[in-house]
Amino acid sequence: MRQIIDLIPQQVFVLSPEGNPIYCNRVMLEYTGMSLEESLSDGISKKLFHPDDAEWVINERGRKIKLGVPFEAEA
């Protein structure tokens, strides 16, 4: 599955239900310049999104997870 996700020409960042990063694809790593280890670190959302937007993204993600509906955000 990871090989397929790595071939998707868009950034893919996968979070656990608790909001912890568990995987990101090759395109995401190339775009951000981060290593896989860096991308899976705590507080990564604050690094990926503009400081003015990070708090909203984190809160909205949590709200959508609680509702059981899909969430996506643009960085």
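Just above sits the structure.
Residues numbered from 1 in each chain as written. Predicted model: local features only at pLDDT ≥ 70, side-chain atom pairs only at ≥ 80, totals over all residues. Heavy atoms only, no water.

Draft legend 1. Just the layout of surface pockets, in detail. Of the voids in this model, the largest pocket is the one considered here, and its volume is about 660 Å³. Lining the largest pocket are 23 residues, and of these Q11, F13, F71, E72 and A73 lie nearest its centre. Every element with two or more residues in the lining of the largest pocket is listed here: strand 1 (13-15), helix 2 (26-32), helix 4 (44-48) and helix 5 (51-67). When grouped by side-chain class, the residues that make up the lining of the largest pocket number 16 nonpolar, 4 polar and 3 charged. (1 Å grid on protein atoms, 1.4 Å probe; cavity = no way out; pocket = protein on both sides within 12 Å on 5 of 7 lines; lining within 4 Å. Points joined across faces, edges and corners; volume = space filled by probe spheres on them. Helix = DSSP H or I, 4+ residues; strand = E, 2+ residues; numbered from the N terminus. Nonpolar A, V, L, I, M, F, W, Y, C, P; charged D, E, K, R; others polar.)

Draft legend 2. Molecular detail of the pattern of salt bridges. Summed over the entire model, instances satisfying the criterion amount to 3 salt bridges. A salt bridge links R26 to E30; the nearest nitrogen and oxygen atoms lie 3.2 Å apart. Of this pair, R26 and E30 are both found in helix 2, 4 residues apart, which corresponds to roughly one turn of the helix. Given a relative accessible area of 54%, E30 falls into the exposed group. Note that E60 and K64 form a salt bridge whose closest N and O atoms lie 3.9 Å from each other. Of this pair, E60 and K64 both sit in helix 5, separated by 4 residues, roughly a single helical turn. Assessed through its relative accessible area of 21%, K64 is described here as partly exposed. (Salt bridge = Lys/Arg side-chain N within 4 Å of Asp/Glu carboxyl O. Buried < 20%, exposed > 50% of the residue type's maximum accessible area, 1.4 Å probe, protein only.)

Draft legend 3. Highlighting the environment of E37. Within the secondary structure, E37 sits in helix 3 (residues 36-39). Judged by relative accessible area, E37 falls into the exposed class, the value being 60%. Separated by 35 residues in the primary sequence, E37 and E72 place their C-alpha atoms 22 Å from one another.

Draft legend 4. Looking closely at the nonpolar core. In this structure, C24, M28, L29, M34, I44, L48, F49, A54 and V57 together form the largest nonpolar core, which totals 9 residues. Breaking this core down by element, the ones donating at least two residues are helix 2, helix 4 and helix 5. (Core = buried A, V, L, I, M, F, W, Y, C linked by side-chain atoms within 4.5 Å.)

Draft legend 5. The environment of L48, seen in detail. Summarising the element assignment, L48 is placed in helix 4. Each C-alpha atom, one on L48 and one on E74, is 9.6 Å from the other, the two residues being 26 residues apart in sequence.

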